[in-house]
Amino acid sequence: MPEQFLYEILDGASRLNLLNRQIADSVKLNLNPTFELRQYQIEAFSRFFHCYKNDFPNKTFPLHFLFNMATGSGKTLIMAGLILYLYEQGYRNFLFFVNSTNIIEKTKDNFLNPSSIKYLFNSDITIENQRVGVTQVTNFEGVNPRDINICFTTIQKLHSDLTTQKEN
């Protein structure tokens, strides 16, 4: 029998109702309450949580996921929720890269500007009874270990930063 792709295994688990569709409080309570999660977004979270928490053949870290969803379906909201969840798991530093500068600017607004109508987080982010800030960084040196530190960049700039030699 040929080896199944992970999405095929998860499709089967979903059909058999084996995925826990409960969204962690660290996610649910810290996302902007005006954005109600849609069923397919809950399914996306459930699949990620299932893979993160459970062992399966050939599982290696870091995990690599692709969320293949249409424009306007809430991928950035899912990313904000996953950042909250991973923060609770001990992660603090996140690299958010896309293919164009104008998308970066919109994304920064969604993650960093509480007065934006598309701001993704609740007005106060609290995880494990601690207030958490969201900070934009240019690199991960000297970041605040209590904040969610996000470096926003384009794939072109990321490539340049990784391949251009410079001091420090």
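Residues numbered from 1 in each chain as written. Predicted model: local features only at pLDDT ≥ 70, side-chain atom pairs only at ≥ 80, totals over all residues. Heavy atoms only, no water.

*Asks:* Sorry, what's going on with the overall build of the protein here?
*Replies:* From N to C terminus, the protein includes six helices and five strands. Along the protein, helices and strands appear, N-terminal first, in the series α-α-α-α-β-α-β-β-β-β-α. Relative to a compact globule of 168 residues, whose C-alpha radius of gyration would be 15 Å, the protein shows 17 Å and is just as compact. Projected onto its principal axes, the C-alpha coordinates of the protein cover approximately 50 × 40 × 30 Å. Put simply, the protein has 168 residues, and 36% of those count as buried. Relative to all contacts within the protein whose residues are 6 or more apart in sequence, the contacts with residues 24 or more apart total 63%. A total of about 11300 Å² of accessible surface is found on the protein, and carbon and sulfur atoms cover 52% of it. (Helix = DSSP H or I, 4+ residues; strand = E, 2+ residues; numbered from the N terminus. Rg over C-alpha atoms; globule rule 2.2 N^0.38 Å. Buried < 20%, exposed > 50% of the residue type's maximum accessible area, 1.4 Å probe, protein only. Contact = heavy atoms within 4.5 Å. Areas by Shrake-Rupley, 256 points an atom, 1.4 Å probe, with all protein chains shown as cover.)

*Asks:* I would appreciate a short explanation of the packing of helix H3 (residues 39-53) against helix H4 (residues 75-88) in the present structure.
*Replies:* A pair of packed helices is characterised by two quantities: the angle between their axes and the separation of those axes. Packing of H3 against H4 brings their axes to within 11 Å, and their N-to-C directions diverge by 30°. The crossing of H3 and H4 is right-handed. Contact residues: H3 offers Gln41, Ala44, Phe45, Phe48, Phe49, Tyr52 and Lys53, while H4 offers Leu77, Ile78, Gly81, Leu82, Tyr85 and Leu86. Within the contact of H3 with H4, the residues separate by chemical class into ten nonpolar, two polar and one charged. (Axes fitted to C-alpha atoms, helices over the stretch in contact; angles between N-to-C directions. Left-handed = near helix turned anticlockwise from the far one by under 90°. Nonpolar A, V, L, I, M, F, W, Y, C, P; charged D, E, K, R; others polar.)

*Asks:* Can you walk me through the pairing of strand S1 (residues 93-98) in this structure?
*Replies:* Walk down a regular strand and you will see the side chains alternate between the two sheet faces. Burial along S1 is one-sided: the face carrying Phe94, Phe96 and Val98 is buried and the face carrying Asn93, Leu95 and Phe97 is not. Relative to strand S5 (residues 148-154), S1 runs parallel, the two sharing six bridges. By the bridge assignment for S5, Leu95 is matched with Cys151. (Pairing = 2+ DSSP bridges.)

*Asks:* Mind showing me how you'd approach the environment of Tyr7 here?
*Replies:* One can find Tyr7 in helix H1 (residues 6-15). When the C-alpha atoms of Tyr7 and Arg47 are compared, they prove to be 8.9 Å apart, with 40 residues separating the residues in sequence.

*Asks:* How should I be thinking about the pattern of salt bridges in this particular structure?
*Replies:* Opposite charge on two side chains permits them to pair, given that their charged atoms come into close proximity. The final tally for this structure, using the stated rule, is seven salt bridges. In this structure, the salt-bridge partner of Lys28 is Asp25, at a minimum N-O distance of 3.7 Å. Separated by three residues within a single helix, Lys28 and Asp25 lie in helix H2 (residues 25-28), roughly one turn from each other. The exposure class of Lys28 is partly exposed, given its relative accessible area of 47%. Between Arg131 and Asp124 there is a salt bridge whose closest N-O contact spans 3.2 Å. (Salt bridge = Lys/Arg side-chain N within 4 Å of Asp/Glu carboxyl O.)

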